[in-house]
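# Understanding the architecture of this molecule
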Amino acid sequence: VQKKKKKEDALQRVRRFCDEHQLAQHTGATGCGLYDEPSDALLFLRELAKEYVPLQEAQAYWTYAPQSPQAPATAVDKKIDRVLLMTYLKKKFGFRRYLEIGCRSNTTFSRVPFVDKVGVDAVSGGTVRATSDQFFAENQRFFDLVFIDGLHEVSQVLRDLQNAVDCLATRDSLVLLHDAKPLCEKDAQFPSSSQKSGCWNGTVWKAVAYLRATRFDLDVVTVDVDWGIAVVRLRHNSDPIDLSDTLSWPLYQKHWRRYLRPVSVDEFDAWLDASLEDDGGDLDDDGRGHPLLPFLECETRRRLGPPPADLLCGALHHRAVDALLPPGAPAPYVHYGLHPVGGPPRFP
């Protein structure tokens, strides 16, 4: 009875924050309940975590017992799950528009503190019944926060990630990839093994390693909670890695810190606060220009000079591709990376 009451009290605190914050959005008020300034988001998170009961799946991450790569964690880290992390991000940046790919039973979608939210799943949950590819092909909206928890296969994760980047609303907007840190080889396979021991992570971790090695325009860290939540931000890659070998489980066990760049909650907050050279703004609803284009163009020319025609160097939209290529150059395949025509590294 006491455990049930504690859980209900914690959920009530989250609901109260959601109600207050949604009211602040609609009325233009600055107060958000427990703290008034966005800079206090981390303090707010610590306060909320004291009585918060994480999702059962997130709790299992810390009790999972096979030989596995595990980083030391603080008491706060062990109380954080994806819902609380996104609540913190909403508080810190004032996010309003939320997109979730892969909703299943609405475990996450029903709890995240957003009024304006879209959930996409081909089978159940959410608000849109479609595959992620079908949804993005028709989507005309932009979002502040995108949570990807769909098919855990490296190529699909990368496709979902690129599509999500294409519909981000501002320079502060973020994409989150769930299940980025497997703790057991059986859980790090695609398709899912019938012998899996914990949470099925699939090959999301390979997608994270690929992004860290090849995308100079994206900065990535993995918050070391809830089976690994990789966070992708639109700014220069501050810690690129080399992937000279084909990714495999033995290499993951040896180099998982380099592949994933794991951070604690405090380290994550500091990473978010890192200064940017340029400020971004909202994208016009009619799509006539994107705030990220000057940044992307500047980064491209800083790294490469004028982009050669034989480089795969797409951008957020076809309009941006045209802006980045020399006059008369053939339109390349739209993928904002630095790969020669031969393509990106191979994955098993």
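Since we're looking at a predicted model, the values are computed, not measured.

Our focus in this paragraph is the overall build of the protein. Within the protein one finds 11 helices and 10 strands. Sorting the 348 residues of the protein into buried and exposed places 51% on the buried side. Surface exposure of the protein reaches about 16,000 Å², of which carbon and sulfur atoms provide 50%.

The contact between helix H2 (residues 41-49) and helix H9 (residues 265-273) brings their axes to 11 Å, and the two run at 160°. By the angle between their axes, H2 is roughly antiparallel relative to H9. Like other packed secondary-structure pairs, H2 and H9 cross with a definite hand, here right-handed. In this structure, H2 contributes Leu-42, Leu-45 and Arg-46 to the contact, and H9 contributes Val-265, Asp-266 and Asp-269.

Now for unusual backbone geometry. Glycine aside, residues mostly have negative phi, and peptide bonds are mostly found in the trans state. Positive phi, close to 65°, is recorded for Asp-179, a residue that is not glycine. Inspection of the secondary structure puts Asp-179 in the loop between strand E5 (174-178) and helix H7 (204-214).

On to the pairing of strand E7 (residues 229-234), then. Burial analysis of E7 places six of its six residues in the buried class, which makes it a mostly covered element. Residue alternation in E7 divides its side chains into two sets, Ile-229, Val-231 and Arg-233 and Ala-230, Val-232 and Leu-234, and both sets are buried. As paired strands, E5 and E7 are joined by five bridges and run antiparallel to one another. In the sheet register, Val-175 faces E7, and the bridge partner there is Val-232. Across six bridges, the pairing between strand E6 (residues 218-223) and E7 is antiparallel.

The eight strands lie next to each other as E3-E2-E1-E4-E5-E7-E6-E8, forming an open sheet whose pairing is mixed. This sheet does not close on itself; its edge strands, each paired only once, are strand E3 (128-129) and strand E8 (262-263). When E6 meets E8, the two strands line up parallel, connected through two bridges. In the sheet register, Val-223 faces E8, and the bridge partner there is Val-263. Contacts from helix H6 (residues 154-166) reach strand E1 (97-101), strand E4 (145-148), E5, E6 and E7, with the element oriented near 160° to E5.

Our next topic: the packing of aromatic side chains. The geometry of an aromatic ring pair comes down to the distance between the two centres and the angle between the two planes. Inspection of the entire model under this criterion finds 11 aromatic pairs. Where Tyr-61 meets Trp-227, the ring centres are 5.3 Å apart and the plane angle is 70°; that geometry is what we call edge-to-face. Taken as a pair, Tyr-61 in helix H3 (residues 56-63) and Trp-227 in the loop between E6 and E7 lie far apart in primary sequence, 166 residues in all. The burial state of Tyr-61 is the same as that of Trp-227; both residues are buried. These aromatic residues form a ring-pair network of at least three members: Trp-205, Trp-249, Tyr-252 and Tyr-259. Across from the ring centre of Phe-44, 5.8 Å away, lies the NZ or CZ of Lys-91, which sits over that ring. When the ring centre of Phe-109 is taken as origin, the NZ or CZ atom of Lys-117, which lies over that ring, is 4.8 Å away.

Summarising the element assignment, Thr-222 is placed in strand E6. Judged by its relative accessible area of 1%, Thr-222 falls in the buried class. In this structure the side chain of Thr-222 is engaged in a polar contact, spanning 2.8 Å, whose partner is the backbone oxygen of Leu-260. Look past the residues within four positions of Thr-222 in its chain and what remains in contact with it is Ala-180, Val-208, Gly-228, Ile-229, Ala-230, Leu-260, Arg-261, Pro-262 and Val-263.

Among all positions in H3, only Ala-58, Tyr-61 and Trp-62 are buried. All buried residues of H3 lie within an arc of 90° about the axis, which places them on one face of the element. When the buried face of H3 is taken as reference, the exposed residues oriented beyond 90 degrees from it are Gln-56 and Thr-63.

A few words on the packing of helix H4 (residues 82-93) against H9. Contact geometry of H4 with H9 gives a least axis separation of 13 Å together with a crossing angle of 30°. In this structure, the crossing between H4 and H9 has a hand that is right-handed. On H9, the residues that touch Leu-85, Tyr-88, Leu-89, Lys-92 and Phe-93 of H4 are Phe-268, Asp-269, Leu-272 and Asp-273. Classifying every residue of the contact of H4 with H9 by side-chain character gives six nonpolar, no polar and three charged.

Two side chains with opposite charge may pair up if their charged atoms get near one another. Tallied over the entire structure, the rule returns 16 salt bridges. The residue Arg-141 makes a salt bridge to Asp-116 at a minimum N-O spacing of 2.8 Å. Of this pair, Arg-141 sits in the loop between helix H5 (132-138) and E4 while Asp-116 sits in strand E2 (residues 116-121), placing them 25 residues apart in sequence. Look at Arg-141 and you get partly exposed, because its relative accessible area is 32%.

The next thing to look at is H9. Within H9, the full set of buried residues consists of Val-265, Phe-268, Asp-269, Trp-271 and Leu-272. Burial along H9 is one-sided: seen end-on, the buried residues are contained in an arc of 160°. Of the surrounding secondary structure, the elements contacted by the buried residues of H9 are H2, H4, E5, E6, E7 and E8.

Quick notes on the rules
- Residues numbered from 1 in each chain as written.
- Predicted model: local features only at pLDDT ≥ 70, side-chain atom pairs only at ≥ 80, totals over all residues.
- Heavy atoms only, no water.
- Helix = DSSP H or I, 4+ residues; strand = E, 2+ residues; numbered from the N terminus.
- Buried < 20%, exposed > 50% of the residue type's maximum accessible area, 1.4 Å probe, protein only.
- Areas by Shrake-Rupley, 256 points an atom, 1.4 Å probe, with all protein chains shown as cover.
- Axes fitted to C-alpha atoms, helices over the stretch in contact; angles between N-to-C directions.
- Parallel < 35°, antiparallel > 145°, perpendicular 65-115°, else oblique.
- Left-handed = near helix turned anticlockwise from the far one by under 90°.
- Contact = heavy atoms within 4.5 Å.
- Pairing = 2+ DSSP bridges.
- Phe/Tyr/Trp six-rings, centres within 6.5 Å; stacked < 30°, edge-to-face > 60°.
- Lys NZ or Arg CZ within 6 Å of the ring centre and 35° of its normal.
- Polar contact = N/O pair within 3.5 Å; in protein donor to acceptor, adjacent residues only side chain to side chain.
- Arc of directions from axis to C-beta.
- Nonpolar A, V, L, I, M, F, W, Y, C, P; charged D, E, K, R; others polar.
- Salt bridge = Lys/Arg side-chain N within 4 Å of Asp/Glu carboxyl O.

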